[in-house]
Amino acid sequence: MEWSLKRNCSVTPAQLGYLYASMCILSMGVAAFFWSQGATLVLPFAVLELVAVGAAFLVYARHATDSERISLLEGRLVVEWETAGRLSRCEFAREWVRVEPRPDVGQLIEVRGGGRSVQVGRFLRSDLRPLLAREIRQALRGV
């Protein structure tokens, strides 16, 4: 069994790159026109604007593919999560793992076992987290 939880993104990083390139071409074209007409301050402000928008797009693109994957494989529960392109993994023995929604309403699900703990459910609505915890517990019991 496997549960795959991903960020809900409407634009992929590649689409964002194409959008940014088209914005740069258009904005620099307009700025160059006004530069040629004697408005010399338009070009530096256009460059400043494109740098700021580029930084914001970069931050968005780094986290657009964030995800969590919870798998039940051959007697162990494997939790993998990717944040800003960095993949982390934690394995738990099936017999010793505990899956509990945090006591506060709307909090993440805590997976514990073997002296380690991981919180999952970042990309799931808070009202669906208890349902996911119940599904994982049932899968661990073999139901």
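Before any of the text, the structure's been laid out above.
Please read these numbers as outputs of a predicted model, since none were measured by experiment. (Residues numbered from 1 in each chain as written. Predicted model: local features only at pLDDT ≥ 70, side-chain atom pairs only at ≥ 80, totals over all residues. Heavy atoms only, no water.)

Asker: Would you take a moment to explain the nonpolar core for this structure?
Answerer: Burial of nonpolar side chains together is a common tendency in soluble globular proteins. Membership of the largest hydrophobic core comes to 20 residues, with the highest contact counts inside it found for Ile70, Leu77, Phe92, Leu132 and Ile136. By residue number, the principal contributor to this core is helix 3 (residues 129-141), which donates 5 residues. Leave out the neighbours within four places in its chain, and Ile136 touches Trp3, Ile70, Leu77 and Val99. (Core = buried A, V, L, I, M, F, W, Y, C linked by side-chain atoms within 4.5 Å. Buried < 20%, exposed > 50% of the residue type's maximum accessible area, 1.4 Å probe, protein only. Helix = DSSP H or I, 4+ residues; strand = E, 2+ residues; numbered from the N terminus. Contact = heavy atoms within 4.5 Å.)

Asker: Would you mind showing me how to read the pairing of strand 3 (residues 76-83) here?
Answerer: Successive side chains on a regular strand alternate, one facing one side of the sheet and the next facing the other. Judged from the 7 bridges that link them, strand 2 (residues 67-73) and strand 3 form a sheet pairing that is antiparallel. Following the sheet pairing, Ser67 is matched in strand 3 by Glu82. Count of turn residues in the strand 2/strand 3 antiparallel hairpin: 2 residues, of which Glu74 carries a positive phi of about 40°. Of the pairings in the sheet, the one linking strand 3 to strand 4 (residues 86-93) comprises 8 bridges and is antiparallel in character. By the bridge assignment, Thr83 is partnered in strand 4 with Arg86. Once strand 3 ends, the chain turns through 2 residues before running back antiparallel as strand 4, passing Ala84 with a positive phi of about 55°. (Pairing = 2+ DSSP bridges.)

Asker: I keep staring at the packing of aromatic side chains and nothing clicks. Help me out?
Answerer: Geometry of an aromatic ring pair is reported as the spacing of the ring centres plus the angle between the planes. For the coordinates displayed, the defined rule picks out 2 aromatic pairs. On the basis of an interplanar angle of 75° and a centroid distance of 5.3 Å, the ring pair of Phe33 and Phe34 is categorised as edge-to-face. A relative accessible area of 46% places Phe33 in the partly exposed class. Stacked on the ring of Phe92, the Lys or Arg Arg116 has its end atom at 5.3 Å from the ring centre. (Phe/Tyr/Trp six-rings, centres within 6.5 Å; stacked < 30°, edge-to-face > 60°. Lys NZ or Arg CZ within 6 Å of the ring centre and 35° of its normal.)

Asker: Would you mind showing me how to read unusual backbone geometry here?
Answerer: What you tend to see is this: most non-glycine residues have negative phi, and most peptide bonds are trans. A positive phi is found at Glu74, a non-glycine position, where the angle reads about 40°. Its location among the elements puts Glu74 in the loop between strand 2 and strand 3. One non-glycine residue, Ala84, lies in positive phi territory at about 55°.

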